[in-house]
Amino acid sequence: MEKDVLISIKGMQEYGGVEPDVIELVTRGRLVHSGKRWTLTYQESELTGLEDTQTTIQMEGQQVTLLRVGSYNTQMVFEEARRHLSMYNTPYGTVTVGVNTRRLIADLNEQGGDIEVDYSIDVDHTVAGRNIFHIKVKDMAPQLWSEEVQPADADMDQPSRPERPVAYRAEQTDFRFFQP
């Protein structure tokens, strides 16, 4: 199974006790199901700070892997209550980080689904920050488009589909796991 999907991503980063930084992205992507593996792929944008980077999220069993290829290359493995090492390549250099997954929800099917990961990043075993991302995946079928992703002047007979990702700073957090 392979299909076009609408992807809504909400990410939160919390570092050093300062107010969490929350950003949302709505974009088109591709969902593929092969055997026991689900693969979600989308293009990042300059709005997220990851211009010219393709993100792939693979879900198999109770493990989620995030792969980024382009300006920022990385592979991060998320498995609840486990720590994995990751190399994070940026235009400024390479950093080895530990990824400690606190909680993981991953539920994808042919209609879409949700992935939510609550994890911390450490450098040399010192926690550098906490991150949570929630990804909602919906079939691109016109009947599933909601008013919240259509422009106000959209023709209701012809659903609007974003050609490029739309990102914005969110003012609230509504993650299932987030409790500052």
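See the structure above.
Residues numbered from 1 in each chain as written. Predicted model: local features only at pLDDT ≥ 70, side-chain atom pairs only at ≥ 80, totals over all residues. Heavy atoms only, no water.

K.L.:
How would you summarise the nonpolar core if you had to cite specific residues and measurements?
P.N.:
Membership of the largest hydrophobic core comes to 25 residues, with the highest contact counts inside it found for Leu40, Ile57, Phe78, Ile115, Tyr119, Phe133 and Ile135. With near-sequence residues (within four places) excluded, Leu40 lies in contact with Val5, Ile7, Arg30, Leu31, Thr55, Thr56, Ile57, Ile135 and Val137. (Core = buried A, V, L, I, M, F, W, Y, C linked by side-chain atoms within 4.5 Å. Buried < 20%, exposed > 50% of the residue type's maximum accessible area, 1.4 Å probe, protein only. Contact = heavy atoms within 4.5 Å.)

K.L.:
Quick rundown of the pattern of salt bridges? Include the residues and the values.
P.N.:
Opposite charge on two side chains permits them to pair, given that their charged atoms come into close proximity. Considering all chains together, one arrives at eleven salt bridges under this definition. Ionic pairing is found between Asp4 and Arg30, a salt bridge with its closest N-O pair at 2.6 Å. Taken as a pair, Asp4 in strand β1 (residues 2-14) and Arg30 in strand β2 (residues 21-34) lie far apart in primary sequence, 26 residues in all. For Asp4, a relative accessible area of 44% corresponds to the partly exposed category. A relative accessible area of 29% places Arg30 in the partly exposed class. For Lys10, the salt bridge identified is with Glu24, shortest N-O distance 3.4 Å. Of this pair, Lys10 sits in strand β1 while Glu24 sits in strand β2, and the two are 14 residues apart along the sequence. One continuous salt-bridge network, built from bridges that share partners, spans Glu2, Asp4 and Arg30. (Salt bridge = Lys/Arg side-chain N within 4 Å of Asp/Glu carboxyl O. Helix = DSSP H or I, 4+ residues; strand = E, 2+ residues; numbered from the N terminus.)

K.L.:
Could you give me a rundown of the environment of His33, with the residues and numbers involved?
P.N.:
Tracing the backbone through its elements, the reader meets His33 in strand β2. Through-space distance from the C-alpha of His33 to that of Gln58 is 9.8 Å; in sequence the pair is 25 residues apart. Residues contacting His33, with those up to four places away along its chain left out, are Met1 and Trp38. A polar side-chain atom of His33 sits 3.0 Å from the main-chain carbonyl oxygen of Gly35. (Polar contact = N/O pair within 3.5 Å; in protein donor to acceptor, adjacent residues only side chain to side chain.)

K.L.:
Describe the pairing of strand β4 (residues 53-60), listing the residues and the values that go with them.
P.N.:
By the criterion of burial, β4 is predominantly enclosed, with six of the eight residues buried. Where strand β3 (residues 37-43) lies against β4, seven bridges are found, and the strand directions are antiparallel. Residue pairing for β4: Arg37 is matched across the bridge by Glu60. Judged from the eight bridges that link them, β4 and strand β5 (residues 63-70) form a sheet pairing that is antiparallel. Along β5, the bridge assignment pairs Met59 with Val64. (Pairing = 2+ DSSP bridges.)

K.L.:
Break down the pairing of strand β7 (residues 83-90) for me, citing the residues and quoting the values.
P.N.:
Of the pairings in the sheet, the one linking strand β6 (residues 73-79) to β7 comprises two bridges and is antiparallel in character. Note on β7: the bridge partner recorded for Thr74 is Tyr88. The turn linking β6 back onto β7 is made up of three residues, and Ala81 within it adopts a positive phi angle of 65 degrees. Pairing of β7 with strand β8 (residues 93-109), which is carried by eight bridges, proceeds in the antiparallel orientation. Paired with Arg83 across the strands is Asn100, a residue of β8. In this antiparallel pair of consecutive strands, β7 and β8, the connection spans two residues.

K.L.:
Tell me about unusual backbone geometry, residues and numbers included.
P.N.:
Positive phi, normally seen in glycine, also occurs at Asp124, with a value near 50 degrees. Inspection of the secondary structure assignment puts Asp124 in the loop between β9 (112-123) and β10 (126-139). When its relative accessible area of 69% is taken as the criterion, Asp124 is described as exposed. Positive phi is not limited to glycine here, since His125 has a value of about 65 degrees. Take His125: it is sitting in the loop between β9 and β10. Given a relative accessible area of 63%, His125 falls into the exposed group.

K.L.:
Could you give an account of the environment of Ile135, naming the residues involved and the relevant values?
P.N.:
Structurally, Ile135 is set in strand β10. Look past the residues within four positions of Ile135 in its chain and what remains in contact with it is Ile7, Ser8, Ile9, Leu40, Ile57, Gly113, Asp114 and Ile115.

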